[in-house]
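If you want the building blocks of each chain, they are given just below.
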Amino acid sequence: MDHLAVSRELVSFVAKSPSPFHVVASIRQMLDDAGFAYLPEGDEWPVVPGGSYYTVRNGSSLVAFKVGELLDNYHFQMSASHTDSPTYKVKAVPTLEGPDDYVRLNVEGYGGMMDYTWFDRPLTLAGRVLVEEDGGVRSRLLFIDRDLLVIPSLAIHMNREVNDGYAFNRQVDLCPLFSAGALTAEGFTKLLANELGVQPEQVLSFDLTLVNRQAGSVWGAAQEFVSSPKLDDLQCDFASLKGFLESSNPHDVSVCAFFDTEEVGSGSKQGALSTFLDDTLTRINAALGKGEQDYLRALAGSLMLSCDNAHAVHPNHPEAADPQNRPKLNGGVVIKEHAGQLYTTDAFGRAAFLAVCRAAGVPTQVFANRSDKRGGSTLGRLSTQHVSVHCVDIGLPQLAMHSSYETAGSKDTAWGIAALRAFFDADLKIEGFERVLIA
């Protein structure tokens with residue numbers, strides 16, 4: 001696999017996916033091209049062995065699945081990643097007038113972003129707009145594909161403390177500049193209407209967030225790096241989808257899930273903590289003519305990979321990493337562990353995944369936080385509160401997580417695809433908590 005070509009394809013995928021709604025649209029296009037059938041949640045599901053399907057919730061979360069033709073050991077092999085990234089969301093009353101003739105946007109933080117990385121760079125808006133038309137209300141995707149906004153820094157002459165640990169105030173410092181007098185506050189709604197080809201009074205509401213316009217790239221004297229907005233977690237979205245699409249397994253139901261709102265706790269109708277995954281698996285089970293006992297037995301033999309990027313050891317701050325459990329860029333897929341179960345990996349799941357990767361020749365690494373630091377968490381421990389299955393938290397190593405522009409190794413996306421393909425290809429037969437047979 002040409003890892004540089006894969007990294008460039010990743011950069012293209014990110015560029016086409018500036019919001020969770022666009023991520024799902026990009027994934028849907030790839031699934032449609034591969035012959036998957038869309039099953040709306042409000043319709044009956046004609047699921048049959050050998051079929052490939054997907055369903056969508058809220059336009060920002062998606063679950064795709066392939067039903068094997070030889071379900072002699074019926075179970076699920078699943079991956080889960082997330083479609084959202086830390087950014088700033090435009091408020092319902094979106095503009096701030098003044099001082100003088102300035103018009104600014106009124107935004108609030110979404111997730112744990114690094115504020116300083118959003119200053120002095122071209123920004124735009126993406127998301128969805130709800131429009132009144134055809135006797136009802138319709139959701140429309142919006143991506144204004146041009147430089148539209150900037151959050152200007154205050155000059156060092158006016159803020160001498162800026163290099164001494166200055167704390168930014170998001171209501172004061174993080175307001176994007178929209179106009180210097182050419183537009184009024186109403187100009188924002190007119191902009192949305194013009195972009196969508198409707199009248200301003202038709203615009204009813206929106207879910208819009210800031211987007212960093214800086215283009216992604218593969219770079220370095222030896223092309224070792226890839227940098228882009230939203231690598232957390234679109235890199236895992238891309239790798240898991242590609243591995244899923246390239247795999248074939250007649251003995252299971254392969255499931256590839258993409259959840260929204262992970263960066264704000266997943267406590268939404270479309271998040272990993274919602275019933276979306278359980279609803280989908282239950283409906284698959286019923287459509288195949290199986291009962292509750294079959295479903296519970298299937299879960300007991302199932303395994304999920306929770307895919308969310310991991311921290312690589314930092315070149316300027318190696319002391320921030322654990323002395324031993326410290327992944328490096330271009331070192332392969334990372335298995336993440338935490339004694340307090342912020343990551344769900346245990347010895348059983350780790351061994352099963354390691355065996356799959358070793359058979360496929362995929363290198364693996366391990367991440368754990370320093371014992372005196374509390375790190376983040378991810379999807380696995382949330383999804384498994386509704387769907388009790390064996391779970392392994394994995395990711396791809398990166399630097400500057402939650403920056404508006406992140407960096408990873410140019411080889412690791414290809415390793416991620418290979419690992420997910422091998423996982424979905426493997427015929428896993430899990431016997432309780434004691435044994436896994438891999439064919």
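Quick caveat: nothing in here was measured; it's all calculated off a predicted structure. (Residues numbered from 1 in each chain as written. Predicted model: local features only at pLDDT ≥ 70, side-chain atom pairs only at ≥ 80, totals over all residues. Heavy atoms only, no water.)

## As for the pairing of strand β8 (residues 136-143)
With eight bridges joining them, strand β7 (residues 123-133) and β8 adopt antiparallel strand pairing. Note on β8: the bridge partner recorded for glutamate 133 is glycine 136. Hairpin connection from β7 to β8: two residues lie between these consecutive antiparallel strands, with aspartate 134 at a positive phi of about 55°. (Pairing = 2+ DSSP bridges. Helix = DSSP H or I, 4+ residues; strand = E, 2+ residues; numbered from the N terminus.)

## A look at the packing of helix α1 (residues 3-15) against helix α9 (residues 412-425)
Two elements in contact, α1 and α9, have axes whose closest approach is 8 Å; the angle formed by their N-to-C orientations is 90°. Taken together, the axes of α1 and α9 lie roughly perpendicular to each other. Across the interface between the two elements, His3, Val6 and Leu10 of α1 pack against Thr413, Ala414 and Ile417 of α9. Considering only residue class, the contact of α1 with α9 consists of four nonpolar, two polar and no charged. (Axes fitted to C-alpha atoms, helices over the stretch in contact; angles between N-to-C directions. Parallel < 35°, antiparallel > 145°, perpendicular 65-115°, else oblique. Contact = heavy atoms within 4.5 Å. Nonpolar A, V, L, I, M, F, W, Y, C, P; charged D, E, K, R; others polar.)

## Overview of the pairing of strand β13 (residues 253-259)
Within β13, seven of the seven residues are buried, leaving the element largely enclosed by the surrounding structure. Side chains of β13 alternate between two faces, with Val253, Val255, Ala257 and Phe259 and Ser254, Cys256 and Phe258 buried alike. Of the pairings in the sheet, the one linking strand β4 (residues 76-82) to β13 comprises seven bridges and is parallel in character. Bridge pairing links glutamine 77 to serine 254 in β13. (Buried < 20%, exposed > 50% of the residue type's maximum accessible area, 1.4 Å probe, protein only.)

## Examining the nonpolar core
In this structure, Ile27, Leu31, Leu62, Phe244, Leu305, Phe353 and Ile394 are the most contacted members of the largest nonpolar core, which totals 53 residues. For this core, the leading source of residues is α9, giving eight residues. Setting aside its immediate chain neighbours within four residues, leucine 31 contacts Phe36, Tyr54, Leu62, Ala64, Leu241, Phe244 and Leu245. In this structure, Val67, Met78, Ala80 and Phe276 belong to the second largest nonpolar core, which totals 31 residues. (Core = buried A, V, L, I, M, F, W, Y, C linked by side-chain atoms within 4.5 Å.)

## Notes on the sheet that holds β4
Here nine strands make up an open sheet; going across it, the order is β1-β2-β3-β13-β4-β14-β18-β16-β17 and the pairing mixed. Bordering the open sheet on either side are β1 (37-38) and β17 (364-367), each of which pairs with just one other strand. Against the sheet, α9 engages β4, β13, β14 (303-307), β16 (333-336) and β18 (390-395), with an angle of about 150° to β4.

## Some details on the packing of aromatic side chains
What the rule picks out here adds up to 17 aromatic pairs. Their ring planes at 70° and their centres at 6.4 Å tell us that tyrosine 343 and phenylalanine 367 sit as a pair that is edge-to-face. Of this pair, tyrosine 343 sits in the loop between β16 and α7 (347-360) while phenylalanine 367 sits in strand β17, and the two are 24 residues apart along the sequence. A relative accessible area of 5% places tyrosine 343 in the buried class. (Phe/Tyr/Trp six-rings, centres within 6.5 Å; stacked < 30°, edge-to-face > 60°.)

## Re α1
For α1, with 13 residues, the first-to-last C-alpha span of 18 Å sits near the 18 Å given by 1.5 Å per residue. Within α1 the residues assigned to the buried category are Leu4, Val6, Ser7, Leu10, Val11, Phe13 and Val14. Contact partners of the buried residues in α1: α2 (20-33), β11 (217-219), β12 (225-228), α4 (231-246) and α9. Structurally, the start of α1 carries an N-cap: the backbone nitrogen of leucine 4 is 3.1 Å from a side-chain oxygen of aspartate 2. (Expected span 1.5 Å × (residues − 1). Polar contact = N/O pair within 3.5 Å; in protein donor to acceptor, adjacent residues only side chain to side chain.)

## Side note on unusual backbone geometry
The omega angle of the peptide bond from glycine 98 to proline 99 is 5°, so this bond is cis rather than trans. The omega torsion of the bond from aspartate 232 to aspartate 233 falls at 15°, within 30 degrees of zero and hence cis. Tracing the sequence through the fold places aspartate 233 in helix α4. In this structure, aspartate 134 takes a positive phi of about 55° despite not being glycine. Take aspartate 134: it is sitting in the loop between β7 and β8. Judged by its relative accessible area of 78%, aspartate 134 falls in the exposed class.

## Remarks on the pattern of salt bridges
Using the criterion set out here, one finds 16 salt bridges in the structure. Between arginine 146 and glutamate 195 there is a salt bridge, with its nearest N and O atoms 2.7 Å apart. Residue arginine 146 is located in the loop between β8 and β9 (177-179), and its partner glutamate 195 is located in helix α3 (residues 187-196); the two are separated by 49 residues in the primary sequence. With a shortest N-O distance of 3.1 Å, glutamate 337 and arginine 350 are connected by a salt bridge. (Salt bridge = Lys/Arg side-chain N within 4 Å of Asp/Glu carboxyl O.)

## Some remarks on the packing of α1 against α4
Relative orientation and spacing of two packed helices are given, respectively, by the angle between their axes and the distance between those axes. α4 packs onto α1 with a crossing angle of 115° between their chain directions and a minimal axis gap of 10 Å. α1 and α4 meet at a crossing whose hand is right-handed. Contacts from Val6, Glu9, Leu10, Phe13 and Val14 in α1 reach Leu231, Leu234, Gln235, Asp237, Phe238 and Lys242 in α4. For the contact of α1 with α4, the per-class residue count stands at seven nonpolar, one polar and three charged. (Left-handed = near helix turned anticlockwise from the far one by under 90°.)

## Considering the sheet that holds strand β20 (residues 406-409)
Spatial ordering of the open sheet is given by β11-β12-β20-β19-β15, a layout of five strands whose pairing is mixed. Only two strands of the sheet have a single neighbouring strand rather than two, namely β11 and β15 (310-311). By the bridge criterion, two bridges tie β15 to strand β19 (residues 397-399) in an arrangement that is parallel. Residue pairing in the sheet places histidine 311 in a bridge with glutamine 398 of β19. Against the sheet, α1 touches β11 and β12, its axis set at about 145° to β11.

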